Amino acid sequence: MSNLREECGLFGIYANETLDVAHTAYYALYALQHRGQENCGIVVNDDGIFTVRKDVGLVEDVFDARSLQDLGLGNMAVGHVRYGTTGTSTRANSQPMVVNHHKGRMAIAHNGNLVNAFELREQLELEGSIFHSSNDTEVIAYILTKERIKSKSIEEAVAQSMDILEGAYSLVIMSPSKLIAARDKHGFRPLLYGQRDDGAYIVASETCALDAVNAKYIRDIEPGEIVVFSSEGVKSITDHCNKEPHKICIFEYLYFARPDSEIEGVSVHQARMRAGACLAMEHPIQADVVIGVPDSGLSAALGYAQQSGIPYGVGFIKNKYIGRTFIAPGQSNREDKVMIKLNVLKETVKDKRVVLVDDSIVRGTTIARIIKLVRDAGAKEIHVMSSAPPFMNPCYYGTDIDSRDNLIACKMSVDEIAKHVGADSVGYLSVDSLNMLIGTKRGEGYCHACFSGDYPTKEPTHKEKTRFEHKISEGANF
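For the structure given in this document, a descriptive report is provided here. These numbers were taken from a predicted model, which means no experiment stands behind them. (Residues numbered from 1 in each chain as written. Predicted model: local features only at pLDDT ≥ 70, side-chain atom pairs only at ≥ 80, totals over all residues. Heavy atoms only, no water.)

On to the packing of helix α4 (residues 117-126) against helix α5 (residues 137-150), then. It is the contact of α4 with α5, at a shortest axis distance of 10 Å, that shows an interaxial angle of 55 degrees. Taken as axis vectors, α4 and α5 run oblique relative to one another. Considering the relative orientation of α4 and α5, their crossing is left-handed. Between α4, through Ala117, Leu120, Arg121, Gln123 and Leu124, and α5, the contact on the second element is made entirely by Val139, Tyr142, Ile143 and Lys146. Across the contact of α4 with α5, the residue classes tally to six nonpolar, one polar and two charged. (Axes fitted to C-alpha atoms, helices over the stretch in contact; angles between N-to-C directions. Helix = DSSP H or I, 4+ residues; strand = E, 2+ residues; numbered from the N terminus. Parallel < 35°, antiparallel > 145°, perpendicular 65-115°, else oblique. Left-handed = near helix turned anticlockwise from the far one by under 90°. Contact = heavy atoms within 4.5 Å. Nonpolar A, V, L, I, M, F, W, Y, C, P; charged D, E, K, R; others polar.)

Let us now look at the sheet that holds strand β13 (residues 233-237). As a general point, the strands of a sheet are linked pairwise by backbone hydrogen bonds and lie either parallel or antiparallel. Strand order in the open sheet formed by six strands is β5-β6-β7-β8-β12-β13, with antiparallel pairing between adjacent strands. Looking at the sheet topology across the chains shown, the edges are occupied by β5 (97-101) and β13. Strand-to-strand twist in this sheet, taken as the mean axis angle between neighbours without regard to direction, amounts to 20 degrees. Two strands pair when backbone bridges link them, and strand β12 (residues 226-230) and β13 are joined in this way by five bridges, in the antiparallel orientation. Looking across to β13, one finds that serine 230 is bridged to glycine 233. The strands that α5 touches are β5, β6 (104-111) and β7 (170-174); relative to β6, the one it contacts most, it runs at about 140 degrees. (Pairing = 2+ DSSP bridges.)

The next point concerns the sheet that holds strand β10 (residues 201-204). Read across the sheet, seven strands follow the order β3-β2-β4-β1-β10-β9-β11 without closing on themselves; strand pairing throughout is antiparallel. Here the strands that pair on one side only, and so sit at the sheet edges, are β3 (49-56) and β11 (215-220). Adjacent strand axes in the sheet meet at a mean angle of 15 degrees when their direction is disregarded. As defined by bridge partners, strand β2 (residues 39-46) adjoins β3 across eight bridges and the pair is classed as antiparallel. Counted as the bridge partner of isoleucine 42 is arginine 53 from β3.

Positionally, tyrosine 30 belongs in helix α1 (residues 21-31). Of the residues examined, tyrosine 30 reaches a relative accessible area of 37% and is grouped as partly exposed. In this structure the C-alpha to C-alpha distance between tyrosine 30 and glutamate 60, which are 30 residues apart in sequence, comes to 8.0 Å. The residues contacting tyrosine 30, other than those within four sequence positions of it, are Val59 and Glu60. (Buried < 20%, exposed > 50% of the residue type's maximum accessible area, 1.4 Å probe, protein only.)

Two packed helices can be described by the angle between their axes and the distance between those axes. For the pair α5 and helix α6 (residues 154-162), interaxial distance at closest approach is 8 Å and the crossing angle is 125 degrees. Taken together, the axes of α5 and α6 are oblique relative to one another. Of the two possible hands of crossing, α5 and α6 adopt the one that is right-handed. Only Ile154, Ala157, Val158, Gln160 and Ser161 of α6 make contact with α5, whose side of the interface consists of Ile143, Leu144, Glu147 and Arg148. For the contact of α5 with α6, the class distribution of residues is five nonpolar, two polar and two charged.

Structure follows, in structure tokens:
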């Protein structure tokens, strides 16, 4: 139950016939809701005519039966759920973004963060581009549009743009006649595709979205790959593959993804189970019960219990009608929301030594509130285990940590953190154990920069989330 903001969820569908693609997108976005609870949107393509609905809010808030009917039928659609890691939560920052240009229309949905977005936007503005949002997706849209005007096809424009864009970007792009899926050369963020029995192709961030629309998984899109879905079938463009080390975000397995998803052939649930087992070996505790913080701490808690032999217990009842804790605007609201969201099963923890497993400890405020709930329920001892290593560095690839200022591990020792949050002890997963999650050597195939400081790309020159929402210097005209 980390107080991190995560990235976004992408969806796309291509069919060779007219279908109710709006409802398909709606069901898939529901399955991907955990990846973004600030904004959402769907664009339907009916023979080149784009119909758009997007706004601030959850999927169930933005869409109802009437709005889905108004989107109409089509053979393609793109959908998006958003957490803002660049730019605030406004309707202007909602996606998919629709662009009208000299050669037609384009809708784009983006997951990730560019490290050169500031420089690109500054260059575009000096050339006369006018921006209507404060996110880096609009930067991508302008670059794609510039390249599309000079190119013979949309896929050629995407390929040319990949030589300009730096950082993390998984993209779903819709032209009047094609659906394009593309992943940055490092493959920071997941993207995959499958197919339904009716022949429609589905692109999504996670396999859980395929399951929601009865599609069978085919494969993950490779880092640097462009996949084109059109009336000619499926075409793969691999010119940008194997140009950079593969670096999928390890936190996809620890926290972001749903436990019933698979990412690059690895079960998220099993990865978290292995994290818990590693914690038990690294931090053995004499205790009576192991409990997990819903939702992403549950699998790791089960792994800790199985490895340690300490009984696993259900420690919390979660109010499923409350969104993830960290979306509350302000710390006091966030802390109040923890109490509304979770209630402790007293019979599980009363008079017991408790191992409390959570997915991470970022700022320390949320876990402190949870510890107090467990302590008030009668626990004798509380030993907190984090299935992620200490956060020591900002993330520039789609996670809302743009500074070390609020990272508790940068300010305190482990013993000081335990005292600060009210725990009897605190244990973190080691960086060296991360490879056990997905079965690789340290750092091979995944990014752990937020823990180690080992960045696969250059760091951005301007790092604050709101960098596009105010003047950067005197005389700047943004």
